[in-house]
Structures are given as structure tokens and as C-alpha cells.
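Coordinate inspection notes
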Amino acid sequence: GESVGLHLPTLSVQEGDNSIINCAYSNSASDYFIWYKQESGKGPQFIIDIRSNMDKRQGQRVTVLLNKTVKHLSLQIAATQPGDSAVYFCADLFNFGNEKLTFGTGTRLTIIP
Amino acid sequence: SAVISQKPSRDICQRGTSLTIQCQVDSQVTMMFWYRQQPGQSLTLIATANQGSEATYESGFVIDKFPISRPNLTFSTLTVSNMSPEDSSIYLCSVAGFNYGYTFGSGTRLTVV
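The shown structure was predicted, so the numbers you read here are calculated from the model rather than taken from an experiment.

**Here's the deal with the environment of B:Ser53**
With respect to the helices, strands and loops of the structure, B:Ser53 is situated in the loop between strand 5 (43-49) and strand 6 (56-57). With 49 residues separating them in the primary sequence, B:Ser53 and B:Tyr102 have C-alpha atoms 22 Å apart.

**Remarks on the sheet that holds strand 7 (residues 68-72) of chain B**
Residues and elements named next belong to chain B. The strand order across the open sheet built from four strands is 1-3-8-7, with neighbouring strands paired in antiparallel fashion. Edge strands, defined here as strands with exactly one partner in the open sheet, are strand 1 (4-7) and strand 7. Neighbour to neighbour, the strand axes of the sheet diverge by 15° on average, direction disregarded. Pairing of strand 1 with strand 3 (residues 19-25) involves four bridges; the strand directions are antiparallel.

**Quick word on the state of the cysteines**
Scanning the entire structure with this criterion turns up two disulfides over all chains. Between the sulfur of A:Cys23 and that of A:Cys90 lies a disulfide, 1.6 Å long from S to S. Of the two residues, A:Cys23 sits in strand 2 (residues 19-24) while A:Cys90 sits in strand 8 (residues 86-93), which places them 67 residues apart along the sequence. Among the residues examined, A:Cys90 registers a relative accessible area of 4% and is labelled buried. Among the cysteines around B:Cys13, which has no disulfide bond, B:Cys23 carries the closest sulfur, lying 18 Å off.

**Comments concerning the pattern of salt bridges**
On inspection of all chains with the given rule, the structure shows six salt bridges over all chains. The salt bridge partner of A:Glu39 is A:Lys42, with a shortest N-O separation of 3.7 Å. For A:Glu39, a relative accessible area of 24% corresponds to the partly exposed category. For A:Lys42, a relative accessible area of 46% gives the class partly exposed. Among the ionic pairs, B:Glu58 bridges to A:Lys100, the shortest N-O distance being 2.7 Å. Here the residue B:Glu58 occupies a position in the loop between strand 6 and strand 7, and A:Lys100 occupies one in the loop between strand 8 and strand 9 (101-103), the pair thus bridging two chains. According to the relative accessible area criterion, B:Glu58 is partly exposed, its value standing at 23%.

**Thoughts on the packing of aromatic side chains**
Applying the stated criterion across every chain, the model contains 11 aromatic pairs over all chains. Ring geometry for B:Tyr35 versus B:Phe104: centroids 5.3 Å apart, planes at 55°, classification tilted. In this pair, B:Tyr35 sits in strand 4 (residues 31-37) while B:Phe104 sits in strand 10 (residues 103-104), placing the two residues 69 residues apart along the sequence. By relative accessible area, B:Tyr35 is classed as buried at 1%. An angle of 45° between the planes, with centres 6.4 Å apart, marks the rings of B:Phe66 and B:Tyr91 as tilted. Within this pair, whereas B:Phe66 is found in the loop between strand 6 and strand 7, its partner B:Tyr91 is found in strand 9 (residues 89-96), the two being separated by 25 residues in sequence. Taking relative accessible area as the criterion, B:Phe66 reaches 3% and is therefore assigned buried. On the basis of relative accessibility, which here comes to 0%, the residue B:Tyr91 falls in the buried class. Through a chain of ring-to-ring contacts, three or more aromatic side chains come together here, namely A:Tyr36, A:Phe46, A:Phe89, A:Phe103, B:Tyr35 and B:Phe104.

Cut-offs and rules
Residues numbered from 1 in each chain as written. Chains lettered and ligands numbered in written order. Predicted model: local features only at pLDDT ≥ 70, side-chain atom pairs only at ≥ 80, totals over all residues. Heavy atoms only, no water. Helix = DSSP H or I, 4+ residues; strand = E, 2+ residues; numbered from the N terminus. Pairing = 2+ DSSP bridges. Axes fitted to C-alpha atoms, helices over the stretch in contact; angles between N-to-C directions. Disulfide = S-S within 2.5 Å. Buried < 20%, exposed > 50% of the residue type's maximum accessible area, 1.4 Å probe, protein only. Salt bridge = Lys/Arg side-chain N within 4 Å of Asp/Glu carboxyl O. Phe/Tyr/Trp six-rings, centres within 6.5 Å; stacked < 30°, edge-to-face > 60°.

Below is the structure:
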């Protein structure tokens, strides 16, 4: 992911609507990508992952899309709920040998009741 | 995936003192990491905690400031030494690997006054 910024981008979505959170990563050789959700006062929680040989993966209410051509990752959350309000981070892994993740800036998602 | 217990969950410390943070994993894991998350920002890798040898530090982090121990495959500690207000952050322990996931502890919220 891109390196740290001082202010998190924010996204506000009406409850029940779909949300899309975007992330750019810098290393074209990254092989594995993860989306994390971080609620206030908690550590990052794994949501969904995708390998570089895929362009789409679906979970429960979440879909991750990978566009390697433009080094872009997105997280789609369907039918958002108040519990989806959190900060979302993408992370990429270049080397399965050292397992080091590089994190994106993060996006604060607020669900409006 | 592995379950991580991290403590303390939070602390308020005087400048010039040191704090040791503990990370306990419920299974033997090869790769353990320590991250820092400054207020409102993303996660930055401090170091890889190597079992039986010295930790591997990322650029900008040094052993004298952040000594790390890894006595076995389930436990690690991070010490924040000679603290200043700039060290106020969330410190996170993580384990990584395809066999047991890319999981984080709940974090230690440190405030230096």
C-alpha cells in the first residue's frame, strides 16, 4: 500500500447502501493482498484476502477486486450496517518468505443510520 | 487462525521511563512482528521478532529504543525505552503466515506524559 498520510480519507454511506473503498499499492510484484477492518480501540481484523492470480473474490457481504494493471484494490461492502463503521486498511505482501505486510493509508467509513 | 493476547491494553507513562509490552500466541508461529500506529495513521512495521536471535529492525527503528525479545515460538516482548511524548501510539503484535493467518493482537495504547 501507499505510505502513511496524516489524515485518513473518509467515506459516509447511508445504512443499507453499498460502499466501495479504494486502495492503491506501489509494488507491482506484490503477490497477496488483505483488507482489514479496525474498530476504535481494537487491533486490525482480517476481512478478506486475494492472491495476485485472481481479480475478484467474494465473501459474506464483501467483495475484493484487484486490478494489477493499475495497481488498485477495492473493497465493496453490500447492504451496509452500523457495525461496518470503522477504519479499513488494505495491505499487500511482496514476499511470502519474509511475510512483511505494507499497509495503505486507511479509509474511515461511517454508516449513517 | 492464531489467537493473540497482548498486554497491557493501555498505559500512561512518564517521559524517560520504559514500558514492556507482552504478546502471547495460542500456537507456535514462525513469524511475529511488531507494528506502531501513530494517532490517526496507518500501521508501520517496527521489526520482525526472530526466535532465538536478534530482531530485524526496519529503517528508522533501532534496538536501543525498541528492544525485542522472542524466547520461544509463542511469546515476544517489545520494550519502548526512554519514552517521550512522540512515542504515544498504539503498538501492535502480529503473526503472519499462510498456515495461521495474518492476525493482530488488540494493541497497546500508550500515552507518554
